[in-house]
Amino acid sequence: MAYLRKKSMEFLKSFEVPAKNPSEEAQRRWREAVGTLVKNRRRRFRMVPDLDKRSQAEIERRNIQEKLRVALFVQKAALQFIDAARRTEQHTYPLPDIARRCGYSISAEELATIVRRHDSKGLRLHSGVEGIAKKVAVSLTDGVKSDDTGVRAEVYGANHYTEKPPRTFWMYLWDASQDMTLMLLAFCAVISVAIGLATEGWPSGMYDGVGIMLTIFLVIMITAASDYKQSLQFRDLDKEKKKIDVQVTRDGYRQKVSIYDIVVGDIVHLSIGDQVPADGLFIDGYSFVVDESSLSGESEPVHVSTANRFLLGGTKVQDGSARMLVTAVGMRTEWGNLMETLSQGGEDETPLQVKLNGVATIIGKIGLAFAVLTFAVLMARFLLGKANAPGGLLRWRMEDALSVLNFFAVAVTIIVVAVPEGLPLAVTLSLAFAMKKLMQERALVRHLSACETMGSASCICTDKTGTLTTNHMVVEKVWASGGAQTVSTAKGFDQLATSVSAAFSKVLLEGVFHCSGSEVVRAKDDKITVMGTPTETAILEFGLAVEKRTNIEHAGAQKLKVEPFNSVKKTMAVVVASPNAAGRSRAFLKGASEVVLRQCSLVLDGSGNAEKLTEAKAKRVSSAIDAFACEALRTLCLAYQDVDGGSDIPSDGYTLIAVFGIKDPLRPGVKEAVKTCHAAGINVRMVTGDNINTAKAIARECGILTDDGIAIEGPEFRQKDPDEMRELIPKIQVMARSLPLDKHTLVTNLRNMFDEVVAVTGDGTNDAPALHEADIGLAMGIAGTEVAKENADVIIMDDNFSTIINVAKWGRSVYINIQKFVQFQLTVNVVALMVNFISASFTGSAPLTIVQLLWVNLIMDTLGALALATEPPNDAMMERPPVGRGDNFITKVMWRNIIGQSIYQLAVLGTLLLRGKSLLQMDDDQLNTFVFNTFVFCQVFNEVNSREMEKINVFSGIFGSWIFSAVAGATAAFQVIIVELLGTFAGTVHLSGRLWLASVLIGSVSLVIGAILKCIPVDSSSGPSDRRDGYQPIPTGPNAV
């Protein structure tokens, strides 16, 4: 046994793949290890990527990128000459009649070509962006009219990409029918019908064969229906993944529309982290930089401005903001061509799918050995009997051929039952169910493995703003002109307004409205709204209130230069041609309080005059900042400086205007969610860019920061060497003033130094490396940029920390549900194999017919997976530690239950087979039917038993899973139909009420056996696990009820 166990463990090492970014070598290794022992390759590997097809798609993608690289970066004279010659030959692009009738004067092909080829000369020939806008009949100020979008989509195309048509039910039916063992059985059934008709005549001679064929058809139909339902769930998830909203100006108003509703002529607003939704031309903007590596493969960022106006769909905005005129959409863009190749080959398999492929392969080999052995024993007994009969081995009749055919069919059916094709597919079923439920709970799982891995998460590194807090911000307090006021109350706001002069208010309002990445817009109903981040929105709403209260409006000014907010500098800056700066330019700086304060040398008093910022005054400002932070307020400083000429942004010498204290309340339920994490053995760490005092106040309020934990600032953390980090990281609960690089370093060290399974949240473009590095990257759906979402595994659509806990709970549910199913299926496997082999050895025949074995296979495979793999999670799942990286999937607890139940069932069925006729006074047909009936009810009750692997109460929440109840009820009902109504085809006879009751009672004893087994204490851990969080595995035995 030790030798077999060692060999099995060595074999299963081939089935180890990482959860994220597995290498092609690892993927091919486990496929080769599976070998040829697969009943239905089309179905077994349906959810596994086709590596050859993926390689071809990668080659095609590189070819497209190479073509783009040539077009974009190597436009030499020869290429320009070829393009010029081509244009000379064609003269002009023909304008379609429909475009002319609709008032457009440029064709879709010409528009697309100008941007795709970066044709500056062609753009000048059309009088630049303004000329193109006229030719597509759009105002660069008001955008397209909503009523025209349908016409534009008809003339210039819709922003949709060519996708593979969805698979139909008939395709899944065809896949299910490709099972080699079922084909062999169908062949045997046809031969059986032919021989039966020849020997027994019509209709009795066809019953056995037709019964087999009908059962095969039932198996194929149920399998195909289950697979098709899964595909519909994944199709819905794919639609959700592709939903991207962009901001456009239409009908003169700024609004959000789906990326798929973008049309040629749309004015699109782009900012950091956005994905460019289509090809277009730069209209205006500031410091606009895009990353074209997804298209061209070139990592060098591209600066887009009036000198280089071309923007390609699919590229990412790295910096700045801009407006873009859309010129080509859908398949007329290079991104559209690339999209066709990106989806080829399927999604990577999950570690659990691979592990269970390994388990299925080992069990399949054992099953094949038993099938061959059973066939050999049956044939040996038959030949011995034949040799002793008159005529010996030389005299063969049709009945003898039918017997041999039946032996072969029984052996094939044993392989059907023994090779658990459903094991890897049960993972897919469970993940599809969990992902659909999570989508309803506001979490979109982008990668299958993430849902599975989240159940093993031992650490969550979370942002503060919007995740732990509501992200509904208001300016609570303001420090200005030497004092702090609570401006959230009418009295405090009036006191601030009356304590400062009109000159001060003008400077304040200029800074608030011009030094902002957000925008005040008027909707169709004349309602004024602010579009932008919650922090910017709070400050602009404060500015609007000041304007209303003081009747002073901010002065309009041309922006000369904008430096958008940068998470490294933690500031944003702008230079404007202010009418209040006596002919000079005015620079405004806004950002992290301590950063801005260090760059100030003056401070604005209540009269609007600048005073020297002495050390004493700077200390008073710092004290006000600390006081705000200790009240859990986000703090921002606003400063200005008048500069001579040019548009350079100064690095110091600013005049401090005000300090804002912004309130962002804790989300309801966060305290309870953090408490749940701690109970589940999951450490929660807050990583934020905010002031350390603000971070500590929020962390204490929600239970993250405890007495034995520490809070540290990013700059201090960065200076630690590896040895210091090894000692420090386990104690870190809060990291404030952190850079995205700090988050990446923390995640990397947690994974490498401490072997933690790390989930990390992120919303900004700079969070992408940490999201990619973590075991599970969690992007925010509301505050998150498209770059962050693209690098994430899960998108938290409501930005709520409690939703992250739901993902962890469902992840654990997937893992535990698959363990339940494996325990159930292995028990059926062991009993079915042993019963057939023992019966063949002692009686010379198999007690279960082919039809009966196929029915048992349906119960333990498709129906068993449906019942056990779709059970919803319960709160008890979050009261145990997470599964470690190296833990074995089949635990000692599972082996205890499998072995115990198998021994009971084998003892009962063996007794019935050997002594059943004398004990129960019945003939052979009744005995075989009774054995079959008892065997099935043992499985039905063992299915109930498998709902809880460690707790005695297996009925808890049973009606909360209607699928389980429906499957168990349907199994019992169909068993009655098979025995009582389909006996001719299934090889069963009528059973009396006494025998039915006996079958149910013997099966129900499985529940008692299960309870007794759970009183036997075993180590519930699944492998050696050196945990650092102090959590112990949950107890087993009667106390675990």
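Nothing here was measured: the structure is a model prediction, and the numbers come from that model.

(A) Representation of the packing of helix α34 (residues 892-920) against helix α38 (residues 993-1013) within the structure. Relative to each other, α34 and α38 sit at 150°, their axes nearing to 10 Å. With respect to each other, α34 and α38 are oriented roughly antiparallel. Considering only the axes of α34 and α38, their crossing is right-handed. On the side of α34, the interface is formed by Arg896, Asn897, Gly900, Gln901, Tyr904, Gln905, Val908 and Leu920, while α38 contributes Arg994, Ile1002, Val1005, Ser1006, Ile1009, Gly1010 and Leu1013.

(B) Representation of the side chain of Lys809 within the structure. Following the sequence through the fold, Lys809 ends up in helix α32 (residues 801-843). Apart from the residues within four sequence positions on either side, Lys809 is in contact with Pro873, Asn874, Asp875, Met877 and Met878.

(C) The confidence of the model for the protein, seen in detail. Residue-level pLDDT values for the protein average 82, and 87% of them are 70 or greater. Below a pLDDT of 50 lies the segment residues 75-82, which in the model reaches six contacts outside its immediate sequence neighbourhood of four places, other chains included. Segment residues 1022-1041 is flagged for pLDDT under 50; beyond a separation of four residues in sequence, or across chains, it makes 48 contacts in the model.

(D) Representation of a nonpolar patch on the surface. Together, Met180, Met183, Leu184 and Phe408 make up an exposed nonpolar region whose accessible area comes to about 330 Å². Among the elements that make up the nonpolar patch, the one with the highest residue count is helix α12 (residues 180-200) (three residues). With respect to the element layout, Phe408 can be found in helix α17 (residues 398-418).

(E) Spotlight on the environment of Asp279. With respect to the helices and strands, Asp279 occurs in strand β4 (residues 279-291). Relative accessible area serves as the criterion here: at 1%, Asp279 is assigned to the buried category. Note: C-alpha distance between Asp279 and Met324 (45 residues apart in sequence) is 9.0 Å. The contact partners of Asp279, leaving out residues within four places of it in the chain, are Val115, Leu311, Leu312, Gly313, Met324, Leu325, Val326, Thr327, Ala328, Arg332, Thr333 and Glu334.

(F) Inspection of the environment of Ala770 at higher detail. With respect to the element layout, Ala770 can be found in helix α30 (residues 768-773). Dropping the residues within four chain positions of it, Ala770 is found in contact with Lys743, His744, Val747 and Val760.

(G) Up close: the sheet that holds strand β25 (residues 776-780). Read from one edge of the open sheet, eight strands run β8-β26-β25-β24-β9-β21-β23-β22, paired in mixed fashion. Among the strands making up the open sheet, the edge pair consists of β8 (443-445) and β22 (710-713). Across the sheet, the axes of successive neighbouring strands diverge by a mean angle of 20°, strand direction being ignored. As paired elements, strand β9 (residues 459-462) and strand β21 (residues 683-687) share four bridges and run parallel to each other. What sits directly across from Cys461, in β21, is Arg685.

(H) The packing of helix α35 (residues 924-945) against α38, seen in detail. The geometry of α35 relative to α38 is characterised by a closest axis approach of 8 Å and an angle of 35° between their N-to-C directions. You can see that α35 and α38 cross each other, and the crossing is right-handed. Residues Phe930, Asn933, Thr934, Phe937, Cys938, Phe941, Asn942, Val944 and Asn945 of α35 pack against Leu995, Trp996, Ala998, Ser999, Val1000, Ile1002, Gly1003, Ser1004, Ser1006, Leu1007 and Gly1010 of α38. By residue class, the composition of the contact of α35 with α38 is eleven nonpolar, nine polar and no charged.

Conventions we followed
- Residues numbered from 1 in each chain as written.
- Predicted model: local features only at pLDDT ≥ 70, side-chain atom pairs only at ≥ 80, totals over all residues.
- Heavy atoms only, no water.
- Axes fitted to C-alpha atoms, helices over the stretch in contact; angles between N-to-C directions.
- Helix = DSSP H or I, 4+ residues; strand = E, 2+ residues; numbered from the N terminus.
- Parallel < 35°, antiparallel > 145°, perpendicular 65-115°, else oblique.
- Left-handed = near helix turned anticlockwise from the far one by under 90°.
- Contact = heavy atoms within 4.5 Å.
- pLDDT = per-residue confidence, 0-100.
- Patch = residues over 30% accessible without salt bridge, like charges linked within 9 Å, V, L, I, M, F, W, Y side chains within 5 Å.
- Areas by Shrake-Rupley, 256 points an atom, 1.4 Å probe, with all protein chains shown as cover.
- Salt bridge = Lys/Arg side-chain N within 4 Å of Asp/Glu carboxyl O.
- Buried < 20%, exposed > 50% of the residue type's maximum accessible area, 1.4 Å probe, protein only.
- Pairing = 2+ DSSP bridges.
- Nonpolar A, V, L, I, M, F, W, Y, C, P; charged D, E, K, R; others polar.

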